[in-house]
Protein chains: 2
Amino acid sequence: MDDGSTAPASPPTLYDVAREAGVSIATASRALNGSARNVRSENASRVRAAAVKLGYEPHLSAQAIAKGSTRTVALVVRDVADPYFSSIAAGVTEEAQAAELIVTMAVADGSPERELEIVRTLRGQRPRAIIVAGSRVDGAGTRDALIEELAEYRTAGGRVVLISQRDLPFSTVMIDNHDGAARLAVALLGAGYRRFAVFHAPGEIRTSRDRHTGFLAGLRGSGVPEPLAIETGFTRAGGYDAARRLVERGFEDVEAVFAVNDVMAIGAMTAFRDAGVIPGADVGVAGFDDISSAVDVVPALTSVAVPLREAGLSALRLALSDVSHDVLMPADIVLRASTPPR
Amino acid sequence: MDDGSTAPASPPTLYDVAREAGVSIATASRALNGSARNVRSENASRVRAAAVKLGYEPHLSAQAIAKGSTRTVALVVRDVADPYFSSIAAGVTEEAQAAELIVTMAVADGSPERELEIVRTLRGQRPRAIIVAGSRVDGAGTRDALIEELAEYRTAGGRVVLISQRDLPFSTVMIDNHDGAARLAVALLGAGYRRFAVFHAPGEIRTSRDRHTGFLAGLRGSGVPEPLAIETGFTRAGGYDAARRLVERGFEDVEAVFAVNDVMAIGAMTAFRDAGVIPGADVGVAGFDDISSAVDVVPALTSVAVPLREAGLSALRLALSDVSHDVLMPADIVLRASTPPR
DNA sequence: TTGTACGCGTTATCAC
DNA sequence: GTGATAACGCGTACAA
């Protein structure tokens with residue numbers, strides 16, 4: 001077919017290495033992988049030399065199929081560019097490197113269908129574990145389908161770990177959304193705030209809902225009026241938009257805003273300022289997650305600190321251990337200048 | 001060996017599906033993978049039914065070894081949690097999903113040795129392409145080793161694409177660091193600034209060096225004094241620290257600071273403020289990258305916008321195309337309140 | 001249209 | 001210690 005001028009250039013195989021070293025393929029395998037130390041050292045070094053000379057690198061797929069197991073873990077997140085998920089991803093990859101595992105990452109983009117499809121393809125990789133970081137959305141048949149897919153994966157010997165809320169029957173690294181938000185509410189009450197608005201995402205997003213209801217729970221019994229709820233996107237743009245709408249509506253009846261995550265809160269702060277409203281002075285603002293930029297914004301953002309990187313670390317550790325339980329990541333309230341005492 | 005109470009639970013294979021459907025393994029393969037449409041539709045549906053019933057998912061490693069190619073691309077970054085890299089990663093994964101490719105990600109953590117080691121293991125995956133996002137560091141033998149490793153991968157049929165500067169002999173998506181910084185310098189001169197400090201990273205970091213020298217080049221001929229150069233880390237903490245040092249030293253002779261990336265600039269702004277120095281008013285601050293938080297910081301940060309996500313998209317597209325050339329991502333100066341005209 | 005059989009690169013089980 | 005050789009799960013000539 002080809003004119004054959006250039007070879008198809010396929011990578012060297014173990015067979016090539018063995019031939020180069022003048023030994024059998026079996027010996028070459030042993031020398032390189034060394035499941036047993038029973039190779040004459042002279043031969044071993046010849047093989048190693050041949051390997052580097054040829055630029056040989058073992059074919060992981062071939063190893064996987066021969067050994068019946070991979071050194072791969074799969075991670076699915078909603079959006080890598082979001083600091084929330086990239087922090088988790090950083091934790092997972094860090095722990096993976098330590099365990100000499102390769103991590104493959106997929107982005108669900110907030111779509112349950114996409115998420116399901118991703119888990120399906122990922123299963124084909126036969127990864128040691130699949131870690132799904134909180135893009136979970138309630139309702140729809142996709143939820144059951146996802147459960148089934150993950151369950152099949154598990155019965156086939158895979159480990160699955162979820163990060164966020166325990167709303168699916170799998171080991172999960174839980175973020176203390178409800179209680180964290182409740183304690184934030186109490187802290188804000190303590191700072192003298194009594195009239196609130198909550199910027200939240202649509203109800204199918206579990207994380208948003210838990211933080212929202214948690215906040216309300218924290219307020220309960222204090223006698224403060226029911227917070228104004230403004231629904232918007234779970235993103236910076238969503239926060240910006242909600243704040244803009246709040247200003248247009250008039251915000252005389254709200255002293256502080258709780259946005260269910262920091263990027264929303266930060267977007268809201270900018271929107272406020274763009275509208276001539278000074279965050280911290282004219283209106284308090286609080287978020288959730290305590291992403292790193294929370295301290296670089298002005299005024300510094302009150303938030304609920306969640307050890308995201310550690311959550312990633314624990315998730316993989318949990319996946320690799322053979323016990324199956326849950327882990328709760330603590331949430332710490334951190335009051336900053338965006339909610340000065342009043 | 002085992003008491004056999006619970007089966008080892010290995011995933012169903014194509015063979016199981018074939019048996020369940022009452023056809024040969026070849027027919028099953030054809031029905032599911034469908035390289036040709038020559039399967040009686042009745043059989044085809046039986047096979048598909050059997051597949052879903054058994055929860056079958058093709059073993060990607062087995063397919064890879066049988067077909068001789070994977071549907072995988074590898075991405076190596078310095079730090080996922082850094083918005084610079086996570087934006088690139090977002091672009092790469094987005095394009096990958098579109099091409100139905102799985103992306104495996106590794107973190108080099110700023111260590112050339114680690115980077116080399118990563119590329120080596122990644123080669124074992126036999127990915128379609130390896131994309132290395134600018135953690136390149138000059139000097140040391142690791143550079144040549146990396147070149148050789150990537151070259152071997154390429155001659156073995158792999159595609160390699162670099163993101164950042166064209167300092168290695170491979171297709172690269174170039175960020176216009178030098179020229180962007182030069183134009184920023186000109187813009188700042190135009191805004192009336194004449195005495196500068198530059199916060200830069202150690203010289204081995206190419207990106208930092210290029211932006212630094214580019215800035216100096218932009219100043220050249222204008223007759224302004226040589227900028228004060230402060231070396232620090234390439235991170236937010238580095239920026240914070242540099243600013244602190246500058247304040248301690250006294251900054252009467254500097255009107256504006258150019259930090260070679262935005263996270264450094266943002267860290268610097270916070271440090272200035274912590275020291276009672278108002279960014280924008282007492283000292284101008286400019287960064288590079290135009291990460292999303294640049295507009296959420298106060299005052300909004302002057303920066304050089306680089307389409308990072310697009311860089312990721314192009315990188316993968318370039319890797320998949322069979323031409324081998326370079327792509328230059330434009331850099332746009334965006335003047336904001338952190339460098340008001342004076 | 002379908003099934004048999006071989007090959008992909010590797011590990012593991014044997015004999016030697 | 002070493003070398004054949006049979007797996008591993010799948011694709012695909014080739015023959016039927």
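Predicted model only: the values in this text are computed from it and were never measured.

Enquirer: I would appreciate a short explanation of the protein's contact with DNA strand C in the present structure.
Expert: Taken together, 27 residues surround DNA strand C, and among them Leu14, Ser29 and Tyr56 of chain A together with Thr27 and Asn43 of chain B come closest. A breakdown of the atoms of DNA strand C within 4 Å of the protein gives sugar and phosphate a share of 68%. Here Thr27 of chain B contributes a side-chain N or O atom positioned 2.5 Å from a phosphate oxygen of DNA strand C. Contacts to DNA strand C include Arg30 of chain B, whose side-chain N or O atom sits 2.6 Å from a base nitrogen. Mapped onto the surface near DNA strand C, the elements with two or more residues apiece are helix H2 (25-33) and helix H4 (60-67) of chain A together with helix H2 (25-33) and helix H4 (60-67) of chain B. Residues of the surface near DNA strand C, tallied by class, amount to 13 nonpolar, 10 polar and 4 charged.

Enquirer: What is the right way to read the protein's contact with DNA strand D from this model?
Expert: Taken together, 26 residues lie near DNA strand D, and Thr27, Arg30 and Asn43 of chain A together with Leu14 and Tyr56 of chain B sit nearest. Backbone sugar and phosphate groups make up 70% of those atoms of DNA strand D lying within 4 Å of the protein. Arg40 of chain A is positioned with one of its backbone polar atoms (N or O) 2.7 Å from a phosphate oxygen of DNA strand D. Here Leu14 of chain B contributes a backbone N or O atom positioned 2.3 Å from a phosphate oxygen of DNA strand D. Broken down by secondary-structure element, the contributors of at least two residues to the surface near DNA strand D are H2 and H4 of chain A together with H2 and H4 of chain B. Looking at the surface near DNA strand D, the element that brings in the most residues is H4 of chain B, giving 5 residues. Here the residues of the surface near DNA strand D are counted per class, giving 12 nonpolar, 10 polar and 4 charged.

Enquirer: Help me understand the sheet that holds strand S8 (residues 256-259) of chain A in this model?
Expert: Within a sheet, adjacent strands bond to each other through the backbone by hydrogen bonds, running parallel or antiparallel. All names here are of chain A. Taken in spatial order, the 4 strands make up an open sheet running S7-S6-S8-S9, and their pairing is parallel. In this open sheet, the two strands that pair with only one neighbour each are strand S7 (228-231) and strand S9 (284-286). Taken over all neighbouring pairs, the strand axes of this sheet differ in orientation by 20° on average, direction set aside. In the sheet, S8 pairs with S9 via 3 bridges, with the strands oriented parallel. Bridge assignment links Val257 to a residue of S9, and that residue is Val285. Of the strands in this sheet, strand S6 (196-200), S7 and S8 are in contact with helix H10 (residues 236-249), which crosses S7 at around 135°.

Enquirer: What is the right way to read the interface of chain A and chain B from this model?
Expert: Reports of interface size often rely on the accessible area that becomes lost once the parts have come together. Listed as interface residues are 50 residues of chain A and, on the opposing side, 50 residues of chain B. Summing both sides of the interface, chain A and chain B together bury roughly 4200 Å²; the carbon and sulfur share of this comes to 55%. The largest contributions to the chain A side of the interface with chain B come from Glu57, Arg126 and Asp296 of chain A, which together make up 16% of the buried area. At the boundary of chain A with chain B, the tally comes to 2 salt bridges. A salt bridge links Asp296 of chain A to Arg236 of chain B; the shortest N-O distance between them is 2.7 Å. If you list the elements that add at least two residues to the side of chain A that touches chain B, you get H4, helix H5 (83-98), strand S2 (102-107), helix H6 (112-124), helix H7 (142-155) and helix H11 (262-274) of chain A. Top contributing element to the side of chain A that touches chain B by residue count: H6 of chain A, with 7 residues. Of the residues in the side of chain A that touches chain B, the class split is 25 nonpolar, 15 polar and 10 charged.

Enquirer: How do you make sense of the relation of the copies chain A and chain B when you look at a structure like this?
Expert: Each of the two copies of the chain can be brought onto the other by a rotation about an axis and a shift along it. Once turned by 180° and shifted 0.0 Å along the axis, chain A lies on chain B with an RMSD of 0.0 Å. As the rotation angle and translation indicate, the two copies are arranged about a two-fold axis. For chain A, the residue whose C-alpha comes nearest the rotation axis is Thr104 of chain A, separated from it by 1.9 Å. In this assembly the copies share their binding face: 100% of the residues contributing to the interface of chain A also contribute to that of chain B.

Enquirer: Mind showing me how you'd approach the pattern of salt bridges here?
Expert: In a structure, side chains of opposite charge can pair up when their charged atoms sit close to one another. All names here are of chain A. Overall, the coordinates contain 40 salt bridges over all chains when judged by the stated rule. Salt-bridge contacts for Asp16 lead to Arg19; the nearest nitrogen and oxygen are separated by 3.1 Å. With Asp16 and Arg19 both in helix H1 (residues 14-21), this residue pair falls 3 residues apart, about one helical turn. Assessed through its relative accessible area of 56%, Arg19 is described here as exposed. A salt bridge links Arg342 to Glu255, with the nearest nitrogen and oxygen atoms 3.8 Å apart. With a gap of 87 residues between them, Arg342 in the segment after strand S12 (332-334) and Glu255 in the loop between H10 and S8 connect regions that are remote in the sequence. Classification of Glu255 by relative accessible area gives buried; the value is 11%. Residues participating in the shared-partner salt-bridge network are Arg120, Arg123, Glu149 and Glu152.

Enquirer: Sorry, what's going on with the side chain of Gln125 of chain B here?
Expert: By secondary structure assignment, the location of Gln125 of chain B is in the loop between helix H6 (112-124) and strand S3 (129-133). Aside from chain neighbours lying at most four places away, what touches Gln125 of chain B is Leu60 and Ile102 of chain A together with Thr70, Thr72 and Thr104 of chain B.

Enquirer: Would you mind showing me how to read the pairing of strand S1 (residues 72-77) of chain B here?
Expert: Taken residue by residue, a regular strand's side chains alternate between the two faces of the sheet. Residue and element names in this part refer to chain B. In terms of residue burial, S1 counts as a mostly covered element, since 6 of its 6 residues are buried. Both faces of S1 are covered, namely the face carrying Thr72, Ala74 and Val76 and the face carrying Val73, Leu75 and Val77. In this structure, S1 lies alongside strand S2 (residues 102-107), joined through 6 bridges in parallel fashion. Residue pairing across strands places Leu75 opposite Met105, the latter belonging to S2. Since S1 and S2 lie parallel, the crossover through helix H5 (residues 83-98) that links them has a hand, and here it is right-handed. Here 4 bridges tie S1 to S3, and the two strands are oriented parallel to one another. Residue pairing for S3: Val73 is matched across the bridge by Ala129.

Cut-offs and rules
- Residues numbered from 1 in each chain as written.
- Chains lettered and ligands numbered in written order.
- Predicted model: local features only at pLDDT ≥ 70, side-chain atom pairs only at ≥ 80, totals over all residues.
- Heavy atoms only, no water.
- Near = heavy atom within 4 Å.
- Polar contact = N/O pair within 3.5 Å; in protein donor to acceptor, adjacent residues only side chain to side chain.
- Helix = DSSP H or I, 4+ residues; strand = E, 2+ residues; numbered from the N terminus.
- Nonpolar A, V, L, I, M, F, W, Y, C, P; charged D, E, K, R; others polar.
- Pairing = 2+ DSSP bridges.
- Axes fitted to C-alpha atoms, helices over the stretch in contact; angles between N-to-C directions.
- Contact = heavy atoms within 4.5 Å.
- Buried area = accessible area lost by both parts, 1.4 Å probe.
- Salt bridge = Lys/Arg side-chain N within 4 Å of Asp/Glu carboxyl O.
- Least-squares fit on C-alpha atoms with pLDDT ≥ 70 in both.
- Buried < 20%, exposed > 50% of the residue type's maximum accessible area, 1.4 Å probe, protein only.
- Right-handed = clockwise from strand over helix to strand, strands pointing away.

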